[in-house]
Amino acid sequence: MGFVPPSAYDRAITVFSPDGRIFQVEYAFEPVRKGTTAIGMACNGGVVLAVEERPFSVLQDVNVPQKLFQIDEHVGAAVAGLMGDARIMVDQARIYAQSNRLMYDEPIGIEVLGKRAGDIAQLYTQHAGVRPFGASIIFAGIDKTGSRVFLSEPSGAYWGFKAVAIGAGADVVKPILEKEYREDMNLDEAAALALYCLSKVMEGKLEPSKIKMAFVDKETKKFRILSWEEIEKYAKKANSFKAADRG
Amino acid sequence: MAHEYPFIPGATTVGVVCKEGVILAAEKRVAYGYLVLSKAGKKVFKLTDKIGAACAGMVADMQMLAKEVAAYASLHTMETRRAASVNAVAKVMANILFERRLFPLLTQTIIGGVDDEGRRIVVLDPLGSLIPDKYACVGSGAEIATGVLESSYREDMTLEEAKELVIRSIKVATARDIQSGDGADFLIITGEGMKEEAVELK
């Protein structure tokens, strides 16, 4: 790649290029594209979140999930991109979730969370002197409408998904999900599929330091981070996808 | 009591849950002490398509409160893409009332309606206490009206039976409470929607 001289439209985020683009916002997607893979899936049994983590030191405490967060009793989030930016979003989402309970005496809707995160991100695309969020965040949980997954992006856009992947492995994972995803999966099947997807984009074998997973079960409607023993169990089932895999 | 707070109008306001829905009703008299200021005061309010409120107390306070709650309910409905629940709407009102704890809105309210979880009414006092119930009365005529409901209310009443009972309870209250009278406004809410009715008390 040769050197591309910066154009005038590169600098201030509040300036459109003549063809209607805002470059800084587009660049904010880069840390997401380069980030670790995160997957969110909604199915009949509930929702699954699965993330890849890359500890940078053997001394790191890998029992602490870095990219998987509980937002409220019934909803979790997985992130990709700049972790500092993502955490701010997670903190705000947690506050929104609690204020929804205070205001309406009800657990917050998953779409509402996705939209609110989008609202915050959008503010940082329209003001001078700020930079956009360098993170995308997947909200997955169960609300009155059922199992829901939403993705909020640095541009402020948010989308509803049955299954979605972000991060460096997204391009590999998406076609697998498109082929293998079924709405009538139970949580075991969905977990196995998520692990199979992650195994396709990760270096080396699956190990506790590299994978974190969480469920929101349709029965309990409670967010729960899985133990490594559980993840291992699902990893064995992930082989069934491998058998069907022709690629 | 009229003599204790001559600046707060009395009322007889009733809410009941029945088999097919919810009935909210309030008589129409607005009295300042011994003066009947109006015979056409409206003390029932629509909050959403299937949730209403019936109030007693200061008319200005109930009007502003109902408008504000209706606004929040409408925003909530658009944001969540689904009809607001009775409990959520009642909670919004409780918050507004509790915020003004030291300078309260002088209203008692019965919120009622139909949502995904069924038919329900909730009673709120001026500070925002939130009390779910099957039937309730507020206002200066509440003691009298409650006596009628207490003896005759059944959960499995039809809409017609419930309406008759509510009319009877308000009639009895207006006969003995000087601050209540001049006909009644009804909000009848079922799964199909909301119907407003005016009833003459003869």
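Everything below is about the structure printed above this text.
Residues numbered from 1 in each chain as written. Chains lettered and ligands numbered in written order. Predicted model: local features only at pLDDT ≥ 70, side-chain atom pairs only at ≥ 80, totals over all residues. Heavy atoms only, no water.

Caption draft 1: Quick peek at the interface of chain B and chain A. Listed as interface residues are 13 residues of chain B and, on the opposing side, 13 residues of chain A. For chain B, the biggest contributors to the area lost against chain A are B:His76, B:Glu79 and B:Arg82; these three give 41% of the whole. At the boundary of chain B and chain A, one finds 3 salt bridges. In this structure, A:Arg116 and B:Glu79 form a salt bridge, with 2.7 Å as the shortest nitrogen-oxygen distance. Put simply, chain B and chain A have 7 residue pairs in polar contact (both at pLDDT 80 or more) between them. Broken down by secondary-structure element, the contributors of at least two residues to the side of chain B that touches chain A are helix 1 (59-80) and helix 2 (86-99) of chain B. Tallying contributions element by element places helix 2 of chain B first for the side of chain B that touches chain A, with 5 residues. (Contact = heavy atoms within 4.5 Å. Buried area = accessible area lost by both parts, 1.4 Å probe. Salt bridge = Lys/Arg side-chain N within 4 Å of Asp/Glu carboxyl O. Polar contact = N/O pair within 3.5 Å; in protein donor to acceptor, adjacent residues only side chain to side chain. Helix = DSSP H or I, 4+ residues; strand = E, 2+ residues; numbered from the N terminus.)

Caption draft 2: Seen up close, unusual backbone geometry. Even without being a glycine, A:Asp105 presents a positive backbone phi close to 60 degrees. Within the secondary structure, A:Asp105 is located in the loop between helix 3 (83-104) and helix 4 (110-123). Although it is not a glycine, B:Arg81 adopts a positive phi angle of roughly 60 degrees. Tracing the sequence through the fold places B:Arg81 in the loop between helix 1 and helix 2.

Caption draft 3: Molecular detail of helix 2 of chain B. Between its first and last C-alpha atoms helix 2 of chain B spans 20 Å; for 14 residues at 1.5 Å apiece the expected length is 20 Å, and the two agree. Within helix 2 of chain B, 10 of the 14 residues are buried, leaving the element largely enclosed by the surrounding structure. What helix 2 of chain B keeps buried is the set B:Val86, B:Asn87, B:Ala88, B:Val89, B:Ala90, B:Val92, B:Met93, B:Ala94, B:Ile96 and B:Leu97. Buried residues in helix 2 of chain B make contact with helix 3 of chain A together with strand 6 (51-57), helix 1, strand 7 (107-115), strand 8 (118-124) and strand 9 (130-133) of chain B. (Expected span 1.5 Å × (residues − 1). Buried < 20%, exposed > 50% of the residue type's maximum accessible area, 1.4 Å probe, protein only.)

Caption draft 4: View of the state of the cysteines. Taken as a whole and judged by the stated rule, the model has 0 disulfides over all chains. A:Cys197 takes part in no disulfide bond, and the closest cysteine sulfur to it belongs to A:Cys43, at a distance of 13 Å. Here A:Cys197 falls in the buried class, since its relative accessible area comes to 0%. With no disulfide of its own, B:Cys137 lies 14 Å from the sulfur of B:Cys55, the closest cysteine sulfur. (Disulfide = S-S within 2.5 Å.)

Caption draft 5: Region of interest: the pairing of strand 6 (residues 146-152) of chain A. Residue and element names in this part refer to chain A. With 6 of its 7 residues buried, strand 6 lies for the most part within the structure. Of the pairings in the sheet, the one linking strand 5 (residues 135-143) to strand 6 comprises 7 bridges and is antiparallel in character. Among the inter-strand pairings, Ile-142 is bridged to a residue of strand 6, identified as Ser-147. The hairpin formed by strand 5 and strand 6 contains 2 residues between the paired strands. With 4 bridges connecting them, strand 6 and strand 7 (residues 158-161) associate as antiparallel partners. Bridge pairing in strand 7 places Phe-150 opposite Gly-160. (Pairing = 2+ DSSP bridges.)

Caption draft 6: Inspection of the packing of helix 3 of chain A against helix 4 of chain A at higher detail. All names here are of chain A. The geometry of helix 3 relative to helix 4 is characterised by a closest axis approach of 10 Å and an angle of 130 degrees between their N-to-C directions. As judged from the angle between their axes, helix 3 and helix 4 are oblique. Here the hand of the crossing between helix 3 and helix 4 comes out right-handed. Seen from helix 3, the contacting residues are Met-89, Gln-92, Ala-93 and Tyr-96; seen from helix 4, they are Leu-113, Arg-116, Ala-117, Ile-120 and Ala-121. (Axes fitted to C-alpha atoms, helices over the stretch in contact; angles between N-to-C directions. Parallel < 35°, antiparallel > 145°, perpendicular 65-115°, else oblique. Left-handed = near helix turned anticlockwise from the far one by under 90°.)

Caption draft 7: Here's a closer look at a nonpolar patch on the surface. A cluster of nonpolar side chains, B:Tyr32, B:Leu35 and B:Leu37, forms an exposed patch at the surface whose accessible area comes to about 300 Å². Within the fold, B:Leu35 resides in strand 4 (residues 35-38). (Patch = residues over 30% accessible without salt bridge, like charges linked within 9 Å, V, L, I, M, F, W, Y side chains within 5 Å. Areas by Shrake-Rupley, 256 points an atom, 1.4 Å probe, with all protein chains shown as cover.)

Caption draft 8: The arrangement of the pattern of salt bridges in detail. A complete count under the given rule lists 29 salt bridges over all chains for this structure. With a closest N to O distance of 3.0 Å, A:Arg182 and A:Asp184 form a salt bridge. In this structure, B:Arg154 and B:Glu161 form a salt bridge, with 3.7 Å as the shortest nitrogen-oxygen distance. Assessed through its relative accessible area of 39%, B:Arg154 is described here as partly exposed. Residues joined in a network through salt bridges with shared partners are A:Lys115, A:Arg116, A:Asp119 and B:Glu79.

Caption draft 9: Fine view of the packing of helix 1 of chain B against helix 2 of chain B. Residues and elements named next belong to chain B. Helix 2 packs onto helix 1 with a crossing angle of 130 degrees between their chain directions and a minimal axis gap of 10 Å. The orientation of helix 1 relative to helix 2 falls into the category oblique. Helix 2 is crossed by helix 1, and the crossing has right-handed handedness. Listed contacts from helix 2 to Leu-65, Glu-68, Val-69, Tyr-72, Ala-73 and His-76 of helix 1 are Ala-88, Val-89, Val-92, Met-93, Ile-96 and Leu-97.

Caption draft 10: Local environment of the packing of aromatic side chains. According to the stated counting rule, one finds 5 aromatic pairs over all chains in the structure shown. When the centroid spacing of 5.1 Å and the interplanar angle of 85 degrees are considered together, the rings of A:Tyr124 and A:Phe133 count as edge-to-face. Judged by centre distance (6.1 Å) and plane angle (50 degrees), the rings of A:Phe150 and A:Tyr158 are tilted. Above the face of the B:Phe103 ring, B:Arg100 is positioned so that its terminal group lies 5.4 Å from the ring centre. (Phe/Tyr/Trp six-rings, centres within 6.5 Å; stacked < 30°, edge-to-face > 60°. Lys NZ or Arg CZ within 6 Å of the ring centre and 35° of its normal.)

Caption draft 11: Seen up close, the side chain of A:Asp143. Residue and element names in this part refer to chain A. Considering the arrangement of structural elements, one finds Asp-143 in strand 5. Only 2.9 Å separates the side chain of Asp-143 from the backbone nitrogen of Ile-110, close enough to count as a polar contact. Here Asp-143 is in contact with Ile-108, Gly-109, Ile-110, Glu-111 and Arg-148, once residues within four sequence places are set aside.

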